[in-house]
Amino acid sequence: MTPRQRTLTDTVAALGALSACGSDPTGPSGTPAERATSAATAYVTGLANGSANPETMCELETTRNRPSFPDDGETLAGCITAYQNAFRHRPPTAAPATVTVGRLRDVPATATQSTGKEAMVTVRTDGRAPGNYVLRQTEQVGHWRVARLDDAGRGPTEPAGNPVAQTLERVA
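In short, a report on the structure. Small disclaimer: the values here were computed from a predicted structure and weren't measured.

On to the pattern of salt bridges, then. Close approach of charged atoms allows side chains with opposite charge to pair. Throughout the structure, instances matching the rule amount to 5 salt bridges. The shortest N-O distance in the salt bridge between Asp106 and Lys117 comes to 2.4 Å. Note that Asp106 is positioned in strand β1 (residues 98-107) and Lys117 in strand β2 (residues 116-124), a separation of 11 residues in sequence. Accessibility expressed as a relative area gives 9% for Lys117, which makes it buried. With a shortest N-O distance of 2.6 Å, Asp150 and Arg148 are connected by a salt bridge. Its relative accessible area of 22% is what places Arg148 among the partly exposed residues. The network of salt bridges with shared partners includes Arg105, Glu118 and Arg136.

Next up on the list: the state of the cysteines. Considering all chains together, one arrives at 1 disulfide under this definition. Disulfide pairing is shown between Cys58 and Cys79; the S-S distance is 2.0 Å. The chirality of the disulfide connecting Cys58 with Cys79 is left-handed, given an S-S dihedral of about -100°. With Cys58 in helix α3 (residues 54-59) and Cys79 in helix α4 (residues 76-88), this pair connects stretches of sequence that are 21 residues apart. Judged by relative accessible area, Cys79 falls into the buried class, the value being 0%.

What counts, and at which threshold
- Residues numbered from 1 in each chain as written.
- Predicted model: local features only at pLDDT ≥ 70, side-chain atom pairs only at ≥ 80, totals over all residues.
- Heavy atoms only, no water.
- Salt bridge = Lys/Arg side-chain N within 4 Å of Asp/Glu carboxyl O.
- Helix = DSSP H or I, 4+ residues; strand = E, 2+ residues; numbered from the N terminus.
- Buried < 20%, exposed > 50% of the residue type's maximum accessible area, 1.4 Å probe, protein only.
- Disulfide = S-S within 2.5 Å.

None of the figures reported here should be taken as evidence of function without further support.
Below is the structure:
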């Protein structure tokens, strides 16, 4: 298992422990902020709940962020297989997680990422502290795609300062 596949499996397990994707919500309808928020919600909801469609999850990610098998040329089929493998061992969730996307902001390009948007994503399930994630997206061929998802930790959903920037600085 490659480091990227291990990261996917760990992320799926973490979000699944906190706790439907069927079509691509990333546009062309709506404002860029509405489309980015919709895509972020669909992506994290798919990871957090047991009903994610592996093909949809792959389509919601940038090609560079997709988990795949290097020996298959990092194809969409490899990404789908990676998600199928990650989702295969997930226990069913009793109650679906709720996902809230906030603090959406425009961000400039970096050495490794295109210009895009970042947001704080909060995942809640009954009886647990919320999980907070920082999600970065870029627009590819008219659709918003997830370029990066980082764990911002558990705790209040309104921490002091800019949690998006703080998390990305911490993990960079």
